[in-house]
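Read off the chains here:
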Amino acid sequence: MIEKEKRCFSSSSDINPVLIAAGATLELRRFDRPDPRSIPLKDFYLGHRQASIEDNEVLVAIHIPLMDPSKKSFLRSYKQARRRDDSKGIVSAGFHVTLDRSSADENQWKIDSVCFVFGGMSSKTIVATRTQERL
């Protein structure tokens, strides 16, 4: 009897924080359903090697929304590794800040939204929700 191979999804991937900060959503499909299921990447990982995907679902697309051209938007990613040539990161981060024009002065900008995401430190990617709320 061959045991069914278990799919593993790594929540510690270096790309997850920047994709979550960008607001990426995943498109999952099943052969027995005509409509795809969309889930924000931030809700996809449940814990260590656990993901919100059914056995008969397949990831078919990653959707990254376009940034609003009327606002200033900054999306950055960072990674800290033990050595320069070491590909395994200790921590990675994705930051997305959107600024909107202040109604009083055209040269003044105010924070419209922020998203700070960190990976590699826990069994799942962490969104700094309290810090975001304060800003």
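Residues numbered from 1 in each chain as written. Predicted model: local features only at pLDDT ≥ 70, side-chain atom pairs only at ≥ 80, totals over all residues. Heavy atoms only, no water.

Draft legend 1. Examining the nonpolar core more closely. Core analysis: the largest hydrophobic core is formed by 14 residues, its most contacted members being Leu-26, Leu-28, Ile-39, Leu-41, Phe-44, Ile-53 and Val-117. Broken down by secondary-structure element, the contributors of at least two residues to this core are helix H1 (16-21), strand S1 (25-30), helix H2 (41-44) and strand S8 (109-119). In terms of residue count, H1 provides more of this core than any other element does, 3 residues in total. The residues touching Leu-41, leaving out its near neighbours within four places in the chain, are Asn-16, Leu-19, Ile-20, Ala-24, Thr-25 and Leu-26. (Core = buried A, V, L, I, M, F, W, Y, C linked by side-chain atoms within 4.5 Å. Buried < 20%, exposed > 50% of the residue type's maximum accessible area, 1.4 Å probe, protein only. Helix = DSSP H or I, 4+ residues; strand = E, 2+ residues; numbered from the N terminus. Contact = heavy atoms within 4.5 Å.)

Draft legend 2. Summary view of the packing of aromatic side chains. Going through the model one piece at a time under the given rule, you end up with 4 aromatic pairs. Centre to centre, the rings of Tyr-78 and Phe-95 are 5.7 Å apart; their planes meet at 45 degrees, and the pair counts as tilted. Of this pair, Tyr-78 sits in strand S6 (residues 72-81) while Phe-95 is found in strand S7 (residues 89-101), placing the two residues 17 residues apart along the sequence. Seen from their ring centres, Phe-95 and Phe-118 are 5.7 Å apart, and the 75 degrees between their planes marks the pair as edge-to-face. Highlighted residues: Phe-95 in strand S7 and Phe-118 in strand S8, separated in sequence by 23 residues. (Phe/Tyr/Trp six-rings, centres within 6.5 Å; stacked < 30°, edge-to-face > 60°.)

Draft legend 3. Representation of the sheet that holds strand S5 (residues 57-63) within the structure. Strands sit in the order S2-S1-S5 across an open sheet of 3 strands; the sheet is antiparallel. One side of each edge strand has no neighbouring strand; the edge strands of this open sheet are strand S2 (37-40) and S5. Strand-to-strand twist of the sheet, defined as the mean angle between neighbouring strand axes without regard to direction, takes the value 30 degrees. Pairing geometry for S1 and S2, over 4 bridges, is antiparallel. Bridged to Leu-28 within S2 is Arg-37. (Pairing = 2+ DSSP bridges. Axes fitted to C-alpha atoms, helices over the stretch in contact; angles between N-to-C directions.)

Draft legend 4. Up close: the pairing of S8. The pairing of S8 with strand S9 (residues 126-127) spans 2 bridges and is antiparallel. Within S9, the residue paired with Phe-118 across the bridge is Ile-126. Connecting the antiparallel pair S8 and S9 is a turn made up of 6 residues, with Gly-120 showing a positive phi of about 90 degrees.

Draft legend 5. Structural detail: the confidence of the model for the chain. Residues of the chain with pLDDT of at least 70 account for 84%, and the chain-wide mean is 83. Throughout residues 1-6 the model reports pLDDT below 50, and contacts reaching past four residues in sequence, or to other chains, amount to 1 contact. (pLDDT = per-residue confidence, 0-100.)

Draft legend 6. Structural detail: the pattern of salt bridges. Following the criterion strictly, the structure yields 7 salt bridges and no others. Among the salt bridges present, the one from Arg-30 reaches Asp-32, with a minimum N-O distance of 2.7 Å. On the accessibility criterion, Arg-30 (15% relative accessible area) is buried. Measuring nitrogen to oxygen at the nearest pair gives 3.4 Å for the salt bridge that ties Lys-42 to Asp-43. Residue classification places Lys-42 among the partly exposed residues on the basis of a relative accessible area of 48%. The partly exposed category is assigned to Asp-43, whose relative accessible area is 36%. Sharing partners across several salt bridges, the network here consists of Arg-30, Asp-32 and Glu-54. (Salt bridge = Lys/Arg side-chain N within 4 Å of Asp/Glu carboxyl O.)

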